[in-house]
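# Residue-level structural notes
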Amino acid sequence: MHPLRSLVSVCALVAVILPYLVGMALAQGLEAEAEASVQFGADLLVTGVQFGRTVPLPLEAIKQVRAVDGVKGALPRIVGEVVLGKDRVHAVLVGLAVEDAPAWSACIDGELPKRDSRYEIVVGTGLARRLGLKIGSVLPPFYRNDKEGERLLRVVGVFKADAPLWQAHLMLTSFDTAAIVFDQRGAATDLLVSCQPGKQDEVHRAILQRLSFTSADGQGVIRPKVTTRADLLVMLPRGVLHREGVFNLHFVLALVVAILVLLVTSGVGLTERRREIGILKATGWQTDEILLRGLAESFALSLSGACIALGLAWLWLRVGNGFGIAGFFLAGVDAVPDFPIPFRITPVPALLAFVLAFVIVLTGTLVSAWRAAIVAPREAIR
Amino acid sequence: MLLFETKSLCKFYRPGAAAEVRALDDVSVSIETGSVTVVTGPSGSGKTTLIALLGALERPTRGQVLMDGRDLGVCSDVELARVRRRLGFVFQDFCLIPRFTVLDNIIYPLIPRGIPHTERLRRARELLTRFGIEGKLHVRADELSGGEQQRVAIARALAGQPDVVFADEPTSNLDRETGAIFLQVLKELHLAGKTAVLTSHDPEVVALATRVIELKGGKLVATPA
């Protein structure tokens, strides 16, 4: 192996493969986290549909859903987007009866908003850092409510840094507070329905076939729309896959450039290589034996490149916490994420990276070796 | 017994072009097994081209090169590689692989010959000891002096225990000591019944020849028996 050529090839390979491995590991990590979130969530998610569009449900729907045979509980929830501060930071405000969701408290520093209290919030780590919030901080009014007026919101808790990443730009509050913020009393964006074991399909059918709700103005009819856990599992990774697709597109463009660079670098020491091949042929080597040697060389180079890239990818994600690249997959995340980025380095991308490296190096190596090996030894030596 | 025979052998470079070079033009010679043949002639007379064609390092433009009665000009690439395994070359500019060690330069040609690794090492050590450079086994070829490189080149040519040794101006770049070693090797080859084909102007080498072929301007001048 030509030392300089080998070094240049391995460096070029690492430069190509590393972002790919990191990107794929992030996408897979996010997908896994999305799946885990769904698994631990409600059995069914009920929303309303009017004119074919998703609309809030009237609170009367809670009673009707709870009355369905097989339903263990139905928790109303308000989910909406708010914009905060002069930097117009986008955040998701979730309002629900937090004491009915004890899993939240495990990942919060401070306390959850109390049922009867108003204007108490728990904020995500990303939001807290961006707006300089901590427990006890107050948030100036950022909404309009003509009936109740606008109030300060007090931070009573902050999500822990190791909590699931979905909390980064989240504000968690009581159902009543969320209703005031969005000025939508008597409505919920959705219901989180838990079912008795084995009754999920039955409840699903019953809600769809038997229930309908009257809209807040008493004129229209709102039909229920039920999303099961299985539906969510299919839907949630879609966003991740979309970003993965965009990332792959960028990667393909980078790859084309990289292949060209590698083909050029494979020409490093070409004259010397041509002469070497001529000498080997003059001393009894056959063309196929020389090409086989090139194949072995390519295998060693690509394996080295892939292994180094794999190691660096792990370091980038584990130690560097996806520095610079995490924002590509996670909206609203800065270059330096302030919470642990989920990642999974799986065998398929790693294997694909190796195959990719092998093909690239092989193209560069074999083309030059072939061109030198098919001429007469004396000509190659000259 | 006839080992090599050339019939109206021609080698033209850039044939048909205005700048065509007729390196060899209608050369017919024969070389017996066990002979020491020295090809002489002025620079550019076609000496190197003749031994390159005899050694299957390139194909003739016209005519034939027969080795043991077999036309090398029509042999496949694989067949020519097998022919070369019966030969040993000492090139004028040594043709060592510069980034390889001395040891690798000697043992690499033995790999396609199917010689086991331990035997390859044994032969390399033996030859290097004989030529007085056993201490340079793991030194890179490009770190050796000219004389040392020539010794390694001779060792490489002999390591495969070839039937025929070709040497292009083997003593032209050598110090006296290395020249003496080469002449001794040549004598031993002759005694062992091996064939040697050399190009040289060195009277000491010519003195060892059993046959001298003289070339001038790519044509045969005289082939005294």
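Keep in mind that this is a model prediction, so the values were computed, not measured.

## Let's talk about the overall build of chain A
- If you tally the helices and strands in chain A, you get 11 helices and 14 strands.
- Counted over contacts in chain A with a minimum sequence separation of 6, partners at least 24 positions apart contribute 79%.
- Summed over its atoms, the accessible surface of chain A is roughly 18500 Å², and 62% of this surface lies on carbon and sulfur atoms.

## Describing the confidence of the model for chain A
- The pLDDT averaged across chain A works out to 80; a share of 82% of its residues lies at or above 70.
- By mean pLDDT, helix 6 (residues 229–265) of chain A is the weakest element of chain A at 67, and helix 11 (residues 377–381) of chain A is the strongest at 89.

## Section: the nonpolar core
All names here are of chain B.
- Among the nonpolar cores identified, the biggest contains 43 residues, and Phe4, Leu54, Leu72, Phe166 and Val197 are the most heavily contacted of them.
- Among the elements that line this core, the one with the most residues is helix 1 (residues 47–54), at 5 residues.
- Membership of the second largest hydrophobic core comes to 39 residues, among which are Ala153, Ala167, Leu186 and Val205.

## Thoughts on the interface of chain B and chain A
- Chain B puts 27 residues into the contact, and the matching count from chain A is 22 residues.
- Summing the contributions of chain B and of chain A, the shared interface buries around 2100 Å²; its carbon and sulfur component is 54%.
- When residues of chain B are sorted by the area they lose upon contact with chain A, Leu57, Arg84 and Arg99 of chain B head the list and together hold 27% of the total.
- Here Arg378 of chain A ties to Glu58 of chain B by a salt bridge, and the two come within 2.5 Å at their closest N and O atoms.
- Counting the contacts that link chain B with chain A gives 14 residue pairs in polar contact (both at pLDDT 80 or more).
- Broken down by element, the side of chain B that touches chain A gets its largest block of residues, 5 residues, from helix 2 (residues 77–84) of chain B.
- Tallied by class, residues from the side of chain B that touches chain A come to 16 nonpolar, 2 polar and 9 charged.

## Observations concerning helix 1 of chain B
All names here are of chain B.
- Of all 8 residues making up helix 1, 7 are buried, and the element is well covered by its neighbours.
- Taken residue by residue, helix 1 has Lys47, Thr49, Leu50, Ile51, Ala52, Leu53 and Leu54 as its buried positions.
- Downstream of helix 1 by a residue or two, Ala56 has a phi angle that is positive, lying close to 60°.

## Here's the deal with the pattern of salt bridges
- Here the structure, examined in full by the defined rule, presents 23 salt bridges over all chains.
- Across the pair Arg274 of chain A and Glu379 of chain A runs a salt bridge, and its minimum N-O distance is 4.0 Å. Here Arg274 of chain A, found in helix 7 (residues 270–282), pairs with Glu379 of chain A, found in helix 11; they are 105 residues apart in sequence, far enough to count as distant.
- For Glu379 of chain A, a relative accessible area of 39% gives the class partly exposed.
- Across the pair Glu126 of chain B and Arg122 of chain B runs a salt bridge, and its minimum N-O distance is 2.7 Å. Here the residue Glu126 of chain B and the residue Arg122 of chain B both occupy positions in helix 4 (residues 117–130), the gap between them amounting to 4 residues, near one helical turn.
- Each of Glu20, Arg22, Asp25 and Lys219 of chain B takes part in salt bridges that share partners, so that together they form one network.

## Looking at a nonpolar patch on the surface
Residues and elements named next belong to chain A.
- A cluster of nonpolar residues, Ile308, Leu310, Leu312, Trp314, Leu315, Val319 and Ile345, forms a patch on the protein surface that exposes about 590 Å² of accessible area.
- Along the chain, Ile345 turns up in the loop between helix 9 (326–329) and helix 10 (347–373).
- By relative accessible area, which is 34% here, Ile345 ends up partly exposed.

## Here we look at the confidence of the model for chain B
Residues and elements named next belong to chain B.
- For chain B, per-residue confidence averages 90 on the pLDDT scale, and 98% of positions sit at 70 or higher.
- The weakest mean pLDDT in chain B belongs to strand 11 (residues 219–222) at 83; the strongest belongs to helix 3 (residues 102–107) at 95.
- Our summary of model confidence lists the complex with pTM equal to 0.64 and ipTM equal to 0.92.

## Things to note about the packing of helix 7 of chain A against helix 10 of chain A
All names here are of chain A.
- Contact geometry for helix 7 and helix 10: axes closest at 9 Å, N-to-C directions at 55°. With respect to helix 10, the element helix 7 is oriented oblique. Considering how the two elements wind past one another, helix 7 and helix 10 form a crossing that is right-handed. When helix 7 is examined against helix 10, the residues Leu270, Arg273, Arg274, Ile277 and Lys281 are found in contact with a partner set consisting of Thr365, Ser368, Ala369, Arg371, Ala372 and Ala373.

## Quick look at the layout of surface pockets
All names here are of chain B.
- Its boundaries defined by the atoms lining it, the second largest pocket holds a volume of some 320 Å³.
- Residue lining of the second largest pocket: 14 residues in total, with Leu127, Arg130, Leu158, Gln161 and Leu189 positioned closest to the centre.
- Contributing elements (two or more residues each) for the lining of the second largest pocket: helix 4, helix 5 (146–159) and helix 6 (176–191).
- With 5 residues, the top contributor of residues to the lining of the second largest pocket is helix 4.

## Describing the pairing of strand 9 (residues 195–199) of chain B
Residues and elements named next belong to chain B.
- Here strand 9 lies mainly inside the structure; 5 of its 5 residues are buried.
- Covered by surrounding structure in strand 9 are Thr195, Val197 and Thr199 together with Ala196 and Leu198, the residues of both alternating faces.
- Bridge analysis of strand 4 (residues 36–40) against strand 9 gives 4 bridges, and the strand direction is parallel. Note on strand 9: the bridge partner recorded for Thr37 is Val197.
- Following the backbone out of strand 8 (residues 164–168), through helix 6 and into the adjacent parallel strand 9, one traces a crossover that is right-handed.

Reading guide: rules and limits
Residues numbered from 1 in each chain as written. Chains lettered and ligands numbered in written order. Predicted model: local features only at pLDDT ≥ 70, side-chain atom pairs only at ≥ 80, totals over all residues. Heavy atoms only, no water. Helix = DSSP H or I, 4+ residues; strand = E, 2+ residues; numbered from the N terminus. Contact = heavy atoms within 4.5 Å. Areas by Shrake-Rupley, 256 points an atom, 1.4 Å probe, with all protein chains shown as cover. pLDDT = per-residue confidence, 0-100. Core = buried A, V, L, I, M, F, W, Y, C linked by side-chain atoms within 4.5 Å. Buried < 20%, exposed > 50% of the residue type's maximum accessible area, 1.4 Å probe, protein only. Buried area = accessible area lost by both parts, 1.4 Å probe. Salt bridge = Lys/Arg side-chain N within 4 Å of Asp/Glu carboxyl O. Polar contact = N/O pair within 3.5 Å; in protein donor to acceptor, adjacent residues only side chain to side chain. Nonpolar A, V, L, I, M, F, W, Y, C, P; charged D, E, K, R; others polar. Patch = residues over 30% accessible without salt bridge, like charges linked within 9 Å, V, L, I, M, F, W, Y side chains within 5 Å. Axes fitted to C-alpha atoms, helices over the stretch in contact; angles between N-to-C directions. Parallel < 35°, antiparallel > 145°, perpendicular 65-115°, else oblique. Left-handed = near helix turned anticlockwise from the far one by under 90°. 1 Å grid on protein atoms, 1.4 Å probe; cavity = no way out; pocket = protein on both sides within 12 Å on 5 of 7 lines; lining within 4 Å. Points joined across faces, edges and corners; volume = space filled by probe spheres on them. Pairing = 2+ DSSP bridges. Right-handed = clockwise from strand over helix to strand, strands pointing away.

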